[in-house]
Amino acid sequence: MKLGIVGLPNVGKSTLFNAITKAGAESANYPFCTIEPNVGVVTVPDARLEELRKMYDSKKLVPTAIEFYDIAGLVEGASKGEGLGNQFLSHIREVESIVHVVRCFEDENVVHVDGKIGPLKDIETINMELIFADEEMIDRRILKMSKEVKKDKAMKPLLDILERIKATLADLKSVRTMEFNEEEEKFVRTLQLLTSKPIIYCANVSEDDLIAGGDNAFVNEVKEFAATENADVVVISAKVEQEISELDDEDRISFLEELGLKESGLDQLIRASYHLLNLISFLTAGPQEVRAWTIRKGTKAPQAAGKIHSDIERGFIRAETIAFDDLMAEGSLAAAKEKGVLRLEGKEYVVKDGDVINFRFNV
């Protein structure tokens, strides 16, 4: 899963990136200190893995992971090549989802690119550049598709979709606000539009505001706007995340408790990302290793097996499946078999979050 962290210069996105990946990306109080996107890989916390490791006495524990791309700060006019615009836009095309960091804190020591704090203006600046870039691309596709329709009338429905998208963009709305049926959705995905990518607005607040509950007038503005796009909002403090990243696991828990927080901003961001991209995890376990695998909700057993190896999908026979909670309740796989809780599922079985699976296959 690849997530691109974007935002105007000096909103705290590189600070957040450093904190959640411990990758040491350069961070400074001036625009464009990020040029090529820094890439950091973070593991997805899953307490179920440790429980399985204990049960199976596994030698290795392998969580699933997320790639975060810290993409260069954007300025107005990027779609026309201003600043690092072209690079910025090309880097966004490579990610599956966008994490848009929005500054929701006052600090006279950290300059704002516009001279004053205004979350909605910041969001509008980036969204407009993405819309303008998509408009330019859609215009080219319409021109090409119009010629194809003259030769083949069966292409007309695709041209109609392009025209609908053009009208939405002209109305200064993102493509993710539109509704498509399943067939239309397949075509739209091939367009790789910037404004069709799922987005999480990451409201970066001060430590004091985070401790006070995370809401302030700026955050409320972001939440109201996000609701118009059916987008998620995660409230974090990049400064707090930076402090958390420097602690070991035990001290991290104590630190969060002292601040009155149940979980870190990173954990919230991961949960929101999974929800946004409709993802779940299934688990495999044995003496050698315990591992989490990420799939899309609705994936059937053979395709889930393919995440492990294509040969397992090709030679799929059955999936020995048990829900994690059921396995923990029985205390062992042997006890689960005796109770009849372990199930044999076929090709049409839709894998559920937390399923512990052993795939039977023959190649």
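Just so it is clear, the structure is predicted and the values come from calculations on it, not from any experiment.

Things to note about the overall build of the protein
- Secondary structure summary: the protein contains 15 helices and 12 strands in total.
- Of the contacts made within the protein by residues no fewer than 6 positions apart, 69% connect residues no fewer than 24 positions apart.
- Summed over its atoms, the accessible surface of the protein is roughly 18200 Å², and 49% of this surface lies on carbon and sulfur atoms.

With respect to the pairing of strand S8 (residues 279–285)
- The buried fraction of S8 is high, at six of seven residues.
- Relative to strand S9 (residues 289–296), S8 is paired through seven bridges, and the arrangement is antiparallel. Looking at S9, one finds that Leu279 is bridged to Arg296.

Topic: the packing of aromatic side chains
- Here the structure, examined in full by the defined rule, presents four aromatic pairs.
- Here Phe282 and Trp293 contribute two aromatic rings whose centre-to-centre distance is 6.4 Å and whose plane-to-plane angle is 15°, an arrangement assigned as stacked. Of this pair, Phe282 sits in strand S8 while Trp293 sits in strand S9, and the two are 11 residues apart along the sequence. There is no split in this pair, since Phe282 and Trp293 are both buried.
- Under the relative-accessibility criterion, Phe282 is labelled buried at 0%.
- By the ring-pair criterion, three or more aromatic residues cluster together here, those being Phe282, Trp293, Phe316 and Phe359.

Describing the confidence of the model for the protein
- Taken residue by residue, the protein gives an average pLDDT of 86. The fraction at 70 or more is 89%.
- Long-range and interchain partners of residues 23–36, a stretch whose pLDDT sits below 50, account for 41 contacts in this model, where long-range means more than four residues apart.

Things to note about the layout of surface pockets
- A volume near 1000 Å³ is recorded for the largest pocket.
- Taken together, 27 residues make up the lining of the largest pocket; nearest its centre are Glu185, Arg189, Ser196, Lys197 and Pro198.
- Sorting elements by how many residues they give to the lining of the largest pocket places helix H6 (residues 182–191) first, with three residues.
- Grouping the constituent residues of the lining of the largest pocket by class yields 11 nonpolar, six polar and 10 charged.

Description of helix H2 (residues 47–56)
- Within H2 the residues assigned to the buried category are Arg48, Leu49, Leu52 and Tyr56. Buried residues in H2, looked at end-on, bunch into an arc of 100°, giving them a common side. When the buried face of H2 is taken as reference, the exposed residues oriented beyond 90 degrees from it are Ala47 and Lys54.
- Where H2 is buried, its residues meet strand S3 (60–62), S8, S9, helix H14 (324–330), helix H15 (333–339) and strand S12 (355–361).
- One or two residues past the end of H2 sits Asp57, with phi positive at roughly 50°.

With respect to the side chain of Asp134
- Structurally, Asp134 can be placed in helix H4 (residues 119–151).
- As a buried residue without a salt bridge, Asp134 has its nearest oppositely charged side chain in Arg93, at a separation of 4.5 Å.
- Not counting chain neighbours up to four residues away, the residues in contact with Asp134 comprise Arg93, Leu169, Leu193, Leu194 and Thr195.

Some words on the sheet that holds strand S5 (residues 97–103)
- Read across the sheet, six strands follow the order S2-S4-S1-S5-S6-S7 without closing on themselves; strand pairing throughout is mixed. The sheet is open, and its two borders are formed by strand S2 (38–43) and strand S7 (232–236), each paired with just one other strand. Sheet twist, expressed as the average angle between the axes of neighbouring strands with direction ignored, equals 25°.
- The pairing of S5 with strand S6 (residues 199–204) spans six bridges and is parallel. In the sheet register, Val99 faces S6, and the bridge partner there is Ile200.
- The strands touched by helix H11 (residues 265–276) are strand S1 (2–6), S2, strand S4 (65–70), S5, S6 and S7; relative to S7, the strand with the most contacts, the crossing angle is about 175°.

Section: the nonpolar core
- Counting residues in hydrophobic clusters, the biggest one holds 56 residues, and the most contacted among them are Ile66, Phe68, Cys104 and Tyr201.
- Those residues in contact with Phe68 that sit more than four places away from it in its chain are Leu3, Ile5, Phe17, Ile20, Thr21, Asn38, Val39, Gly40, Val42, Leu266 and Leu269.
- In terms of nonpolar packing, the next biggest core, distinct from the first, is built from 19 residues, Met128, Ile142, Ile161 and Phe180 among them.

A few points about the pattern of salt bridges
- Counted by the stated rule, this structure contains 21 salt bridges.
- For the salt bridge of Arg291 with Glu289, the shortest nitrogen-to-oxygen distance reads 2.8 Å.

Thoughts on empty space enclosed by the protein
- Taken as a whole and assessed by the stated rule, the structure comprises one cavity of 30 Å³ or more.
- Approximately 40 Å³ is the volume attributed to the largest cavity.
- In this structure, the largest cavity is lined by Leu210, Val235, Ile236, Ser237, Glu241, Leu261, Glu263, Ser264, Gly265 and Gln268.
- Of all elements in the fold, only S7 and H11 reach the threshold of two or more residues within the lining of the largest cavity.
- For the lining of the largest cavity, the class distribution of residues is four nonpolar, four polar and two charged.

Scoring rules and cut-offs
Residues numbered from 1 in each chain as written. Predicted model: local features only at pLDDT ≥ 70, side-chain atom pairs only at ≥ 80, totals over all residues. Heavy atoms only, no water. Helix = DSSP H or I, 4+ residues; strand = E, 2+ residues; numbered from the N terminus. Contact = heavy atoms within 4.5 Å. Areas by Shrake-Rupley, 256 points an atom, 1.4 Å probe, with all protein chains shown as cover. Buried < 20%, exposed > 50% of the residue type's maximum accessible area, 1.4 Å probe, protein only. Pairing = 2+ DSSP bridges. Phe/Tyr/Trp six-rings, centres within 6.5 Å; stacked < 30°, edge-to-face > 60°. pLDDT = per-residue confidence, 0-100. 1 Å grid on protein atoms, 1.4 Å probe; cavity = no way out; pocket = protein on both sides within 12 Å on 5 of 7 lines; lining within 4 Å. Points joined across faces, edges and corners; volume = space filled by probe spheres on them. Nonpolar A, V, L, I, M, F, W, Y, C, P; charged D, E, K, R; others polar. Arc of directions from axis to C-beta. Lys, Arg positive; Asp, Glu negative; His and termini not counted. Salt bridge = Lys/Arg side-chain N within 4 Å of Asp/Glu carboxyl O. Axes fitted to C-alpha atoms, helices over the stretch in contact; angles between N-to-C directions. Core = buried A, V, L, I, M, F, W, Y, C linked by side-chain atoms within 4.5 Å.

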